[in-house]
Amino acid sequence: MKSVIRTAAGGGPEVLQLVDRPVPEPGPGEVRVRVQVSGVNPTDWRSRRRALPPGMHEQVPHQDGAGVIDAVGPRVDPARVGQRVWIWEAAWERPWGTAQQYTLVPDRQAVALPDHAPFELGAALGIPALSAHRALTVHDGGPGRIAPGALRGTTVLVAGGAGAVGNAAIQLARWAGARVVTTVSSPAKAALARAAGAHQTVNYRTQDAATEILAFAPGGVDIVVEVAPGTNAALDIAVAAPGAVVSYYSAGEDERLSVPVLSSLPANLRWQGVFVYTVPTAAKQQALTDVAAAVDAGALCVGEEAGLPLHRFALERIADAHAALERGVVGKVLLDIP
């Protein structure tokens, strides 16, 4: 089979090598998936720059993907063979990512994908949707889940609504009944955020963001889904409702978060880190359940009409896919597996 591997850390995508490998056999509790589409996330190029996990001599990159189960190991229901699935965290502390024709994952990490959902949607779930779910469900007193009506009466601010996590957060929040405002940096990104379902967009480069957000939500926002906590801390404090949570899932390489204690203390604000790989088990399972339900209901979609343009590359062009993502291409980068 065709696989992409890396054998060392590297600053550029040239460390990714296309090789031939035997088709692997699933072990106990594992399924083998014939991968159709592999999703590429910022975490993939960032992890490429780091050393391999202890004990590994090579690793296939990419956490997310979608395809069809074609074999199962012991202790897995044989009826799963032939099932369409989406994959999450395939390469987390494991050698088998999704940038190859066949991959192995634990049974739990291959989630049923309904027939009406395209493989490109399945490959775009994983990290973005699970991160967005966590960010939306850590509010004190909140429902802890995403479902129709679960966030009714809640106002959500999504920073960077044209990104993959921002797009998933907008779609999930809208499905759950929240009012959603998002910040963007251009009219084109505003159009994408509106396509995802945002009620209001604010161009932080041309508008007074705090004034515009508070005009939309005079009482402040309850949940901030934050991509740049250090950069946006002052804005988040200015627009937060009492008891709000700022759920941050990313930042720049050297970004620092500094919060003025006395001015933010009276509102009982909370800053909550969201690192999808180490989310508590019960919360991760709730996310899997809710994201699967949203997909089944048609509430999560991809493509420009859903605010997430697709950028597709062949497997042998994985270096170009990584380079595009590093350059900040707007939308979702995917690899089509032959």
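Since the structure is predicted, the reported quantities are computational estimates derived from the model, not experimental observations. Residue positions are given per chain, counted from 1 along the sequence in the order it is written. Local features are withheld for residues below a pLDDT of 70 in this predicted model, meaning they are given only at 70 or higher, and side-chain atom pairs are given and counted only at 80 or more; totals for whole chains, interfaces and linings count all residues. Side-chain metrics in this entry use all non-hydrogen atoms of the structure; hydrogen atoms and water are not considered.

Observations regarding the sheet that holds strand S13 (residues 270–273)
Spelled out, the test is: Strands pair, by our definition, only if DSSP identifies at least two bridges between them. Here a strand is any run of E in DSSP of at least two residues, a helix any run of H or I of at least four, and the numbering for each starts at the N terminus. Angles shown run from 0 to 180 degrees and are taken between the N-to-C directions of axes, each axis being a line fitted to C-alpha atoms and, for helices, limited to the stretch in contact. What makes two residues a contact is simply this: any of their non-hydrogen atoms within 4.5 Å.
The six strands lie next to each other as S10-S9-S8-S11-S12-S13, forming an open sheet whose pairing is parallel. The sheet is open, and its two edges are formed by strand S10 (200–203) and S13, each paired on a single side. Neighbour-to-neighbour, the strand axes of the sheet open up by a mean angle of 20 degrees, direction not taken into account. Inspection of the sheet shows strand S9 (residues 179–184) paired to S10 by four bridges, in the parallel sense. Residue Val184 lies in a different strand from S10, and its bridge partner there is Asn203. This element, helix H6 (residues 209–216), spans strand S8 (155–159), S9, S10 and strand S11 (221–226) of the sheet and lies at about 165 degrees to S9.

Notes on the pattern of salt bridges
Under the convention used in this document: For this analysis, a salt bridge means a side-chain nitrogen from Lys or Arg found within 4 Å of a carboxyl oxygen belonging to Asp or Glu. When accessible area is computed with a 1.4 Å probe and restricted to protein chains, residues below 20% of their type maximum are described as buried, those above 50% as exposed, and intermediate ones as partly exposed.
Scanning the entire structure with this criterion turns up 14 salt bridges. The shortest N-O distance in the salt bridge between Glu326 and Arg49 comes to 2.9 Å. Placement of the pair is Glu326 in helix H10 (residues 318–326) and Arg49 in the loop between helix H1 (42–48) and strand S4 (64–72), with a sequence separation of 277 residues. Residue Glu326 is classed as partly exposed on the basis of its relative accessible area, which comes to 27%.

Considerations on helix H4 (residues 164–175)
In plain terms, the rule: One less than the residue count of a helix, multiplied by 1.5 Å, gives the span that helix is expected to have.
Compared with an ideal rise of 1.5 Å per residue, which puts 12 residues at 16 Å, H4 spans 17 Å between its outermost C-alpha atoms and is within 8% of the ideal. With 10 of 12 residues buried, H4 lies mostly within the body of the structure. Among all positions of H4, only Val165, Gly166, Asn167, Ala168, Ala169, Ile170, Gln171, Leu172, Ala173 and Trp175 are buried. For H4, the elements touching its buried residues are helix H3 (126–136), S8, S9, helix H5 (187–196), S11 and helix H9 (281–296). Just downstream of H4 lies Gly177, where phi reads positive at about 95 degrees.

A closer look at the side chain of Arg84
Put simply, the rule is: Counted charges follow a simple rule, with Lys and Arg positive, Asp and Glu negative, and His plus the chain ends left uncounted. Contacts described as polar in this section are N or O atom pairs within 3.5 Å, which, within protein, must combine one atom able to donate a hydrogen with one able to accept it, while residues neighboring in sequence count only if both atoms come from side chains.
In this structure, Arg84 sits in strand S5 (residues 84–87). Buried within the structure, Arg84 lacks any salt-bridge partner; Asp115 is the closest side chain of opposite charge, at an N-O distance of 4.4 Å. For Arg84, the side chain forms a polar contact with the main-chain oxygen of Pro114, separated by 2.6 Å. In contact with Arg84, other than residues within four places in its own chain, are Gly67, Val68, Val111, Ala112, Leu113, Pro114, Asp115, Ala117, Pro118 and Phe119.

Here's the deal with the pairing of S9
The condition is simple: By convention, orient the strands away from the viewer: a clockwise path from the first strand over the helix to the second makes the crossover right-handed.
The element S9 is largely enclosed, with a buried count of five among its six residues. Where S8 lies against S9, five bridges are found, and the strand directions are parallel. Its bridge partner lying in S9, Thr155 is registered against Arg179. For the segment spanning S8, H4 and S9, crossover handedness is right-handed. Handedness of the crossover joining S9 and S10 through H5: right-handed.

Topic: empty space enclosed by the protein
If you roll a probe as big as a water molecule over the atoms, it shows you where there is empty space left. For clarity, the threshold we go by: Buriedness for pockets is judged along seven lines, at least five of which must meet protein on both sides within 12 Å for an open set on the 1 Å grid over protein atoms alone, while cavities are sets there where a 1.4 Å probe fits but cannot get out, and lining residues have an atom within 4 Å of a point. Grid points are joined across faces, edges and corners, and a volume is the space filled by probe spheres set on the points. Gly is put with the polar residues, along with every residue not named as nonpolar or charged; the nonpolar set is Ala, Val, Leu, Ile, Met, Phe, Trp, Tyr, Cys and Pro, and the charged set is Asp, Glu, Lys and Arg.
The tally for this structure, following the rule as stated, stands at one cavity of 30 Å³ or more. Here the largest cavity is characterised by a volume of approximately 80 Å³. Ala124, Asn167, Ala168, Val302 and Leu308 are the residues nearest the centre of the largest cavity, which is lined by 14 residues in total. For the lining of the largest cavity, the elements supplying multiple residues, two or more each, are H3 and H4. Within the lining of the largest cavity, the residues separate by chemical class into 11 nonpolar, two polar and one charged.

Quick word on the nonpolar core
What counts is decided by this rule: Buried residues of nine kinds, namely Ala, Val, Leu, Ile, Met, Phe, Trp, Tyr and Cys, make up a nonpolar core once their side-chain atoms join them within 4.5 Å.
One finds Trp86 and Leu136 to be the most contacted residues of the largest nonpolar core, which totals 54 residues. Within the residue set of this core, elements represented by two or more residues are helix H2 (119–123), H3, S8, H4, S9, H5, S11 and H9. Considering every element that reaches this core, the biggest residue donor is H4, with seven residues. Among all residues touching Leu136, those that are not within four sequence positions of it are Ile146, Leu151, Val156, Ala169, Leu172, Ala173, Ile223 and Val225. The next biggest cluster of nonpolar side chains, apart from the first, holds 19 residues, and it includes Val4, Leu16, Ala99 and Phe313.

Some words on the packing of aromatic side chains
Two aromatic rings are characterised by how far apart their centres lie and by the angle between their planes. As a reminder, the rule being used: Pairing of aromatic side chains here covers Phe, Tyr and the six-membered ring of Trp, requires ring centres within 6.5 Å, and sorts the geometry by plane angle: under 30 degrees stacked, over 60 edge-to-face, intermediate tilted. Charge over a ring is defined by NZ of Lys or CZ of Arg lying within 6 Å of the ring centre and within 35 degrees of the ring normal.
Tallied over the entire structure, the rule returns three aromatic pairs. Aromatic side chains Trp92 and Tyr277 sit 4.3 Å apart centroid to centroid with 10 degrees between the ring planes, which places their arrangement in the stacked category. One end of the pair, Trp92, is in the loop between S5 and strand S6 (102–106); the other, Tyr277, is in the loop between S13 and H9, with 185 residues separating them in the sequence. Residue Trp92 is classed as partly exposed on the basis of its relative accessible area of 30%. Overall, the relative accessible area of 10% leaves Tyr277 in the buried class. For the ring pair Phe275 and Tyr277, a centre distance of 5.1 Å and an interplane angle of 65 degrees mean the geometry is edge-to-face. Residue Phe275 is classed as partly exposed on the basis of its relative accessible area of 47%. Three or more aromatic residues joined by ring pairs form one cluster here, namely Trp92, Phe275 and Tyr277. Geometry around Tyr102 places Arg34 over its ring, the cationic atom sitting 5.4 Å from the centre. The ring of Phe119 has Arg84 lying over it, and the distance from NZ or CZ to the ring centre is 4.4 Å.

This is a description of form; function is not addressed.
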